[in-house]
Each structure stands twice: as structure tokens, then as C-alpha cells.
Amino acid sequence: MPGDNAKKALIDSMNGLLADYFTLYLKTKNYHWHVAGPQFRELHLLFDEQAAELFALTDVIAERVRKNGGDTLTGISAIAGKASIKDDDRTKIDAMEMVKALRDDNVALVAAIRAVKEAATEAGDNATEGMADDWTDQAEQRAWFLTQTLA
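Right, let's walk through the structure included here. Since we're looking at a predicted model, the values are computed, not measured.

**Considerations on the packing of aromatic side chains**
So, step 1. By the definition in use, this model includes three aromatic pairs.
So, step 2. Ring geometry for Y25 versus F55: centroids 5.0 Å apart, planes at 40°, classification tilted. One end of the pair, Y25, is in helix 1 (residues 4-34); the other, F55, is in helix 2 (residues 40-67), and 30 residues separate them in sequence.
So, step 3. Classification of F55 by relative accessible area gives partly exposed; the value is 43%.
So, step 4. With 6.3 Å between their ring centres and 55° between their planes, Y31 and F47 make a pair best called tilted. With Y31 in helix 1 and F47 in helix 2, this residue pair connects regions lying 16 residues apart in the sequence. As far as the burial class goes, Y31 and F47 line up, both buried.

Take a look at the structure:
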């Protein structure tokens with residue numbers, strides 16, 4: 001039977017993941033709004049598609065936190081305090097630098113998801129554990145698309 005410490009570790013890791021999702025969502029939208037250059041249309045649409053996918057999971061993750069008895073993030077400062085992914089508020093940035101940054105962030109997100117899965121296993125939360133596999137697949141696909149754009 002998992003203890004309180006395992007449950008607290010799971011809640012903490014999920015809140016960190018949630019903060020990373022929000023940060024990556026906003027970063028991706030920033031790039032969507034400010035991308036320029038020969039691949040504008042392709043990247044503008046790709047970034048928007050990826051941002052929508054990221055945002056769609058924020059509620060799912062937050063609800064997993066609540067179902068596990070925890071409190072979730074409450075605002076921008078809470079997100080900033082928990083995120084491991086760095087934001088980027090620049091508006092003038094090379095399009096391929098944007099692609100590289102988002103690729104690297106999605107790879108980092110995979111590691112954060114795997115940490116949540118491990119914490120879910122320790123806490124006996126098989127629902128979150130199973131969902132983490134889907135989240136990993138989505139992040140790996142985003143990273144793959146971005147990697148192929150750089151080829």
C-alpha cells in the first residue's frame with residue numbers, strides 16, 4: 001500500500017509537469033505568432049497545432065492532481081515557480097532556432113512525463129501511469145516533427 005510520501009511526490013511531479021505544459025504552450029504560441037521567413041505558413045500551422053495539443057492536456061493533468069487529493073497550480077507565479085522548461089519572450093528569433101528550442105523542450109517534456117509515470121507507479125496510481133504513455137507518445141511525435149523540419 002503506497003504511503004502519503006509517494007502520493008505527495010506524485011502530486012508534486014504532476015504539478016511540475018503541468019507547469020511545463022503551460023510554459024511550453026505559451027512558448028509555442030509565441031513562436032506561432034512571431035515566426036517569419038520562407039517556411040512561415042508551414043511553421044505557423046505546425047506551431048498552432050502543437051500548442052493546441054499541449055493546452056488540451058493541461059486540464060487532464062490538473063484533474064489528475066485533484067483526483068489524487070492535491071491542490072494544483074493557481075496562477076502565473078505558481079507556473080513560473082514549478083516549470084523546468086524556460087520561457088522565451090523574444091519576438092525576433094530565427095525560425096529554425098524556434099524549431100530547435102521546441103524540439104529540445106519536447107524532449108525534456110518526455111523526461112518529465114517519465115518521472116510522473118515513475119511517481120504514479122510508486123503511488124499506485126495506475127490511471128496516471130497509463131495516461132503517461134499517451135502523453136509520452138504525443139511529446140515524442142511533436143519532437144519528431146520538429147526534428148524532421150530541421151533535416
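Next comes the rest of the description.
**Brief notes about the pattern of salt bridges**
So, step 1. For the structure on display, the rule yields 11 salt bridges.
So, step 2. D105 is the salt-bridge partner of K27, the closest N and O atoms lying 2.6 Å from each other. Of the two residues, K27 sits in helix 1 while D105 sits in helix 4 (residues 95-123), which places them 78 residues apart along the sequence.
So, step 3. In this structure, R90 and D88 form a salt bridge, with 2.9 Å as the shortest nitrogen-oxygen distance.
So, step 4. Within this structure, D88, R90 and E97 form a network of salt bridges that share partners.

Conventions and cut-offs
- Residues numbered from 1 in each chain as written.
- Predicted model: local features only at pLDDT ≥ 70, side-chain atom pairs only at ≥ 80, totals over all residues.
- Heavy atoms only, no water.
- Phe/Tyr/Trp six-rings, centres within 6.5 Å; stacked < 30°, edge-to-face > 60°.
- Helix = DSSP H or I, 4+ residues; strand = E, 2+ residues; numbered from the N terminus.
- Buried < 20%, exposed > 50% of the residue type's maximum accessible area, 1.4 Å probe, protein only.
- Salt bridge = Lys/Arg side-chain N within 4 Å of Asp/Glu carboxyl O.

Read these as spatial facts, not as claims about activity.
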